[in-house]
Amino acid sequence: MGDARGKDSRNNNANANRKKKQNYDKKDKKQENFVNLEKKTGHRKRNAIPQAPGEKKTDEIRNIILPEVMTIRELADIMKVQPSDIGKKRFVQWVMMTVNLEIYYDMAEEIALEFNCIAEPEEKVDVIAELLKEEEEDESVMVTRPPVVCVMCHVDHGKTSILDAIRNTRVIDREAGGITQAIGASVVTINGQKITFLDTPGHEAFTAMRMRGANSTDIAILVVAADDGVMPQTVEAINHAKAAGVEIIVAINKIDKEGANVERVKQELTEYELVAEDWGGSTICVPVSAHTGQGITELLEMVLLSAEVLELKANPKRDARGLVIEAEMDKGRGAVATVLVQKGTLKVGQCIAAGSSYGKVRAMIDDTGKRVKEAGPSVPVEVLGLNSVPNAGEVFVVCDSEKDARSFAETFMAQDKEKLVAETKARMSLDDLFSQIQAGSLKELNLIVKADVQGSVEAVKQSLVKLSNDEVVVKVIHGAVGAINESDVSLAAASGAIIIGFNVKPDPVAKSSAEQEKVDIHLYDIIYKAIEDVETAMKDMLDPVYEEQVIGHAEIRQIFKASGVGNIAGSYVLDGVMERGCKVRIMREGTQVFEGQLASLKRFKDDVKEVRTGFECGLVIEGFNDIAELDIVEAYKMVEVPRT
């Protein structure tokens with residue numbers, strides 16, 4: 001019996017041990033599965049057994065490349081994690097994130113570090129630069145080309161008159177107010193050699209156009225008036241020419257005028273590292289008079305001499321490439337672009353692309369108004385046949401087919417769109433930040449600019465935006481070439497904008513629509529007037545500025561007590577005037593003891609509007625009874641100061 005009991009006990013113990021061993025085996029198997037799963041996926045299962053110290057870590061540090069802007073979902077895909085994981089991690093830090101939330105690189109880099117990822121910024125490829133990239137040309141196929149000359153100066157220093165004397169035309173008669181307002185180009189022949197002149201404006205509003213002119217030229221003629229000397233725009237012109245790396249020849253104009261001082265001009269030019277040859281420098285200075293024609297031939301000879309030294313060459317036997325100098329929409333001819341061929345030869349019938357515009361060259365017109373079949377290096381021509389008006393300053397290229405030209409233009413448009421979106425995003429975030437700082441005190445003046453040519457649109461926009469100050473921001477919300485139309489009026493009505501028309505008029509529909517919508521349309525043909533009017537509009541938007549004006553002093557001679565009123569100061573007006581409702585300061589032995597409002601002003605028992613010097617009066621000071629004899633009462637008021 002005892003043996004049977006002992007046997008049962010042994011069996012039970014064996015069963016228990018077997019069961020325990022099975023449990024251990026099951027746990028070991030489960031642990032092994034977990035470890036295998038971790039190794040396989042790189043993710044730790046929930047409640048997994050921690051790794052042993054010697055085991056390899058699965059969360060390895062990885063390098064990733066991130067764009068400038070991305071959504072949380074895109075970041076998660078790059079890091080190969082779930083978007084919800086980013087959300088959870090950030091929610092712990094009290095930051096709520098959705099999968100479609102757009103973030104900038106800095107924040108993305110911070111998040112990536114939390115997931116053991118080292119981020120690097122994505123290298124941006126300039127698609128446009130790649131499209132316009134060119135290989136170096138063989139020197140043996142190059143021939144001498146005419147120099148391209150840009151004439152620059154301060155306003156009214158006689159640039160157009162010099163060009164006029166060179167070309168023997170009366171260009172200045174056609175300019176509004178005698179100011180050059182559009183880029184033109186012309187070819188002049190001297191001693192059997194050709195020179196191409198670009199006529200760039202001299203007014204400071206055309207800085208962008210002038211810079212484009214400098215970048216497209218070989219030699220810059222800097223016109224300085226002998227009676228006026230170096231002026232602000234002269235300095236700008238010098239800087240642009242130097243930045244573009246072009247040779248500078250100084251034409252000292254108006255030497256026939258009284259007060260002309262050539263040596264003073266040379267002295268002033270030395271401050272800008274332009275030292276005349278006769279002063280021991282290398283800058284060619286030619287005294288000229290556009291009025292009498294004196295020195296014009298010498299000036300042109302100096303241009304040819306400089307061109308010879310520069311050894312200007314181009315290959316005419318290749319596809320043309322150059323710059324759009326000016327562009328406009330012509331009623332009868334459509335989009336017209338004035339282009340300067342820099343390399344190769346442009347022929348009628350070829351397909352070209354210029355920025356977002358493309359088309360087949362239907363016709364070409366030279367600077368004299370004649371139709372030509374082809375244009376070689378340094379030749380300016382008007383081109384007809386583009387589908388839209390290109391931006392001035394765009395590079396034009398010849399393409400094999402219209403399909404290639406369209407593709408080229410579409411790439412430009414796509415890049416422009418991306419750039420615009422990026423700028424808008426940046427502007428919106430800056431605006432939000434600014435509005436938080438300013439707490440709604442900043443004002444905006446929205447403008448729509450329409451002009452006859454692209455260069456004028458840029459110039460007007462630039463000069464108007466420059467008027468912005470700390471209190472009023474000038475925003476050009478739209479700028480384009482062409483007449484003012486109904487869509488411009490609709491945009492102005494929706495955004496509370498003013499329409500500025502430069503050398504253009506509103507069409508009949510736009511005119512009636514503007515009257516209905518009460519939209520302001522201002523038309524100009526001289527840029528100064530537009531700037532003055534916008535400055536006036538800005539002043540109207542500014543909050544008034546008040547200035548303190550002391551109007552008089554009185555001495556307290558006696559104090560009277562009155563029930564319900566308090567103390568009345570019996571005073572003598574020392575100077576100026578005491579006015580009802582003015583502000584006062586109480587001065588006691590040279591120290592201010594109170595500042596406040598004058599509650600009432602009496603002369604004997606009557607309330608009066610004012611009491612002048614040498615008269616006695618009774619003063620009641622609002623909220624102040626602690627007056628004493630011999631206190632001085634200084635009366636002042638706040639006067640609005642006109643804005644300058």
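Residues numbered from 1 in each chain as written. Predicted model: local features only at pLDDT ≥ 70, side-chain atom pairs only at ≥ 80, totals over all residues. Heavy atoms only, no water.

## With respect to the overall build of the chain
Phase 1 of the analysis: Of the regular secondary structure elements, the chain holds 15 helices and 33 strands.
Phase 2 of the analysis: Counting the 644 residues in the chain, one finds 41% classified as buried.
Phase 3 of the analysis: As displayed, the chain has an accessible area near 36,300 Å², and 50% of this comes from carbon and sulfur atoms. (Helix = DSSP H or I, 4+ residues; strand = E, 2+ residues; numbered from the N terminus. Buried < 20%, exposed > 50% of the residue type's maximum accessible area, 1.4 Å probe, protein only. Areas by Shrake-Rupley, 256 points an atom, 1.4 Å probe, with all protein chains shown as cover.)

## Overview of the side chain of Arg 585
Phase 1 of the analysis: Structurally, the position occupied by Arg 585 is in strand E28 (residues 583–588).
Phase 2 of the analysis: Here the side chain of Arg 585 touches Glu 548 through a polar contact of 2.4 Å, side chain to side chain.
Phase 3 of the analysis: Within the structure, Arg 585 has its side chain in polar contact with the side chain of Glu 634 (distance 2.7 Å).
Phase 4 of the analysis: With residues up to four places along the chain from it excluded, the contact list for Arg 585 reads Glu 548, Gln 592, Phe 594, Glu 595, Ile 632, Val 633, Glu 634 and Tyr 636. (Polar contact = N/O pair within 3.5 Å; in protein donor to acceptor, adjacent residues only side chain to side chain. Contact = heavy atoms within 4.5 Å.)

## Overview of the sheet that holds strand E10 (residues 247–253)
Phase 1 of the analysis: The strand order across the open sheet formed by 6 strands is E7-E8-E6-E9-E10-E11, and the pairing between neighbours is mixed. At either end of the open sheet lies a strand with only one pairing partner, and these are strand E7 (184–190) and strand E11 (284–287). Each neighbouring strand pair of the sheet contributes to a mean axis angle of 25 degrees, computed without reference to strand direction.
Phase 2 of the analysis: Lying over the sheet, helix H8 (residues 232–244) contacts strand E6 (148–153), strand E9 (219–225) and E10, oriented at roughly 165 degrees with respect to E9. (Pairing = 2+ DSSP bridges. Axes fitted to C-alpha atoms, helices over the stretch in contact; angles between N-to-C directions.)

## Examining the confidence of the model for the chain
Phase 1 of the analysis: Averaged over all residues, the pLDDT of the chain is 78; the fraction at 70 or higher stands at 76%.
Phase 2 of the analysis: Predicted confidence for residues 169–174 stays below pLDDT 50, and this span has 7 contacts to residues more than four positions away or in other chains.
Phase 3 of the analysis: The low-confidence segment residues 426–440, where pLDDT is below 50, has 4 contacts with residues more than four positions distant or belonging to other chains. (pLDDT = per-residue confidence, 0-100.)

## Concerning the nonpolar core
Phase 1 of the analysis: Membership of the largest hydrophobic core comes to 40 residues, with the highest contact counts inside it found for Val 339, Leu 346, Val 383, Leu 447, Leu 464, Ile 500 and Val 534.
Phase 2 of the analysis: Within the second largest apolar cluster, 26 residues are counted, among which are Val 151, Ile 221, Val 286 and Ala 307. (Core = buried A, V, L, I, M, F, W, Y, C linked by side-chain atoms within 4.5 Å.)

## Notes on helix H9 (residues 262–270)
Phase 1 of the analysis: Burial in H9 covers these residues: Val 262, Val 265, Lys 266, Glu 268 and Leu 269. For H9, the angular spread of buried residues about the axis comes to 160 degrees, placing them on one side.
Phase 2 of the analysis: Packed against the buried residues of H9 are E9, H8, E10 and E11.
Phase 3 of the analysis: Sitting at the amino-terminal end of H9 is Asn 261, which places a side-chain oxygen 3.4 Å from the backbone nitrogen of Glu 263. (Arc of directions from axis to C-beta.)

## A word on the environment of Ala 320
Phase 1 of the analysis: Within the element layout of this structure, Ala 320 appears in the loop between strand E12 (313–314) and strand E13 (321–330).
Phase 2 of the analysis: Residues in contact with Ala 320, not counting those within four places in the same chain, are Val 341, Lys 343, Gly 344, Thr 345, Leu 346, Phe 396, Val 397 and Val 398.

## Topic: the pairing of E28
Here is the key point about a regular strand: its side chains alternate between the two faces of the sheet.
Phase 1 of the analysis: Sheet analysis places E28 next to strand E29 (residues 591–603), joined by 6 bridges and oriented antiparallel. By the bridge assignment for E29, Lys 583 is matched with Gln 597.
Phase 2 of the analysis: Hairpin connection from E28 to E29: 2 residues lie between these consecutive antiparallel strands, with Glu 589 at a positive phi of about 55 degrees.
Phase 3 of the analysis: Direction of pairing for E28 relative to strand E33 (residues 632–641): antiparallel, over a ladder of 5 bridges. Across the sheet, residue Val 584 finds its bridge partner in E33, namely Ala 635.

## Describing a nonpolar patch on the surface
Phase 1 of the analysis: On the surface, a cluster of nonpolar side chains totalling about 310 Å² of accessible area is made up of Ile 61, Leu 113 and Ile 118.
Phase 2 of the analysis: Tracing the backbone shows Ile 61 in the loop between helix H1 (2–41) and strand E1 (62–66).
Phase 3 of the analysis: The exposure class of Ile 61 is exposed, given its relative accessible area of 63%. (Patch = residues over 30% accessible without salt bridge, like charges linked within 9 Å, V, L, I, M, F, W, Y side chains within 5 Å. Salt bridge = Lys/Arg side-chain N within 4 Å of Asp/Glu carboxyl O.)

## Digging into the pattern of salt bridges
Phase 1 of the analysis: If you walk through the whole model with that rule in mind, you get 16 salt bridges.
Phase 2 of the analysis: In this structure, the salt-bridge partner of Lys 450 is Asp 488, at a minimum N-O distance of 2.6 Å. On the criterion of sequence distance, the pair formed by Lys 450 in strand E22 (residues 443–451) and Asp 488 in helix H13 (residues 486–495) is long-range, its members being 38 residues apart. For the pair Lys 450 and Asp 488, a shared accessibility class is recorded, and that class is buried.
Phase 3 of the analysis: The shortest N-O distance in the salt bridge between Arg 612 and Glu 610 comes to 3.0 Å.

## Comments concerning the packing of H13 against helix H14 (residues 508–517)
Phase 1 of the analysis: Viewed as axis vectors pointing N to C, H13 and H14 meet at an angle of 20 degrees, and their least axial separation amounts to 8 Å. Put simply, H13 runs roughly parallel to H14. In the packing of H13 onto H14, the handedness of the crossing is right-handed. Contacts from Glu 486, Val 489 and Ala 493 in H13 reach Val 509, Ala 510, Ser 513, Ala 514 and Glu 517 in H14.
Phase 2 of the analysis: Among the residues making up the contact of H13 with H14, the classes are represented as 5 nonpolar, 1 polar and 2 charged. (Parallel < 35°, antiparallel > 145°, perpendicular 65-115°, else oblique. Left-handed = near helix turned anticlockwise from the far one by under 90°. Nonpolar A, V, L, I, M, F, W, Y, C, P; charged D, E, K, R; others polar.)

## Digging into helix H12 (residues 454–465)
Phase 1 of the analysis: When the terminal C-alpha atoms of H12 are compared, their 17 Å separation across 12 residues agrees well with the 16 Å that a helix rising 1.5 Å per residue should span.
Phase 2 of the analysis: Restricting attention to buried positions, one finds in H12 the residues Gln 454, Gly 455, Ser 456, Val 457, Ala 459, Val 460, Ser 463 and Leu 464. (Expected span 1.5 Å × (residues − 1).)

## Regarding the side chain of Thr 338
Phase 1 of the analysis: With respect to the secondary-structure elements, Thr 338 resides in strand E14 (residues 334–343).
Phase 2 of the analysis: Those residues within four positions of Thr 338 in sequence are excluded, and the remaining contacts are Leu 323, Val 324, Ile 325, Glu 326, Val 381 and Glu 382.

## Structural notes on the environment of Gly 355
Phase 1 of the analysis: Along the chain, the position of Gly 355 falls in the loop between strand E16 (351–354) and strand E17 (357–365).
Phase 2 of the analysis: The exposure class of Gly 355 is buried, given its relative accessible area of 0%.
Phase 3 of the analysis: In sequence terms Gly 355 and Ala 392 are 37 residues apart; their C-alpha atoms lie 9.5 Å from each other.
Phase 4 of the analysis: Setting aside its immediate chain neighbours within four residues, Gly 355 contacts Glu 394, Val 395, Phe 408, Ala 409 and Phe 412.

## Here's the deal with the packing of aromatic side chains
Phase 1 of the analysis: Scanning the model with the defined rule gives 2 aromatic pairs in all.
Phase 2 of the analysis: Summarising the aromatic geometry, the rings of Phe 594 and Phe 624 are spaced 4.6 Å apart at their centres and angled 10 degrees between planes, so their arrangement reads as stacked. Here Phe 594 is found in strand E29, whereas its partner Phe 624 is found in the loop between strand E32 (616–621) and E33, with 30 residues between them in sequence.
Phase 3 of the analysis: A residue is classified by how much of its surface remains accessible, and Phe 594, at 17% relative accessible area, is buried.
Phase 4 of the analysis: Its relative accessible area of 13% is what places Phe 624 among the buried residues. (Phe/Tyr/Trp six-rings, centres within 6.5 Å; stacked < 30°, edge-to-face > 60°.)

## Some points on the packing of helix H2 (residues 72–79) against helix H4 (residues 105–114)
Phase 1 of the analysis: Packing of H2 against H4 brings their axes to within 11 Å, and their N-to-C directions diverge by 40 degrees. Classed by the angle they form, the pair H2 and H4 counts as oblique. Where H2 crosses over H4, the handedness of that crossing is right-handed. Counted together, Ile 72, Leu 75 and Met 79 of H2 and Ala 108, Ile 111 and Ala 112 of H4 form the full contact between these two elements.
Phase 2 of the analysis: The class makeup of the residues in the contact of H2 with H4 is 6 nonpolar, no polar and no charged.

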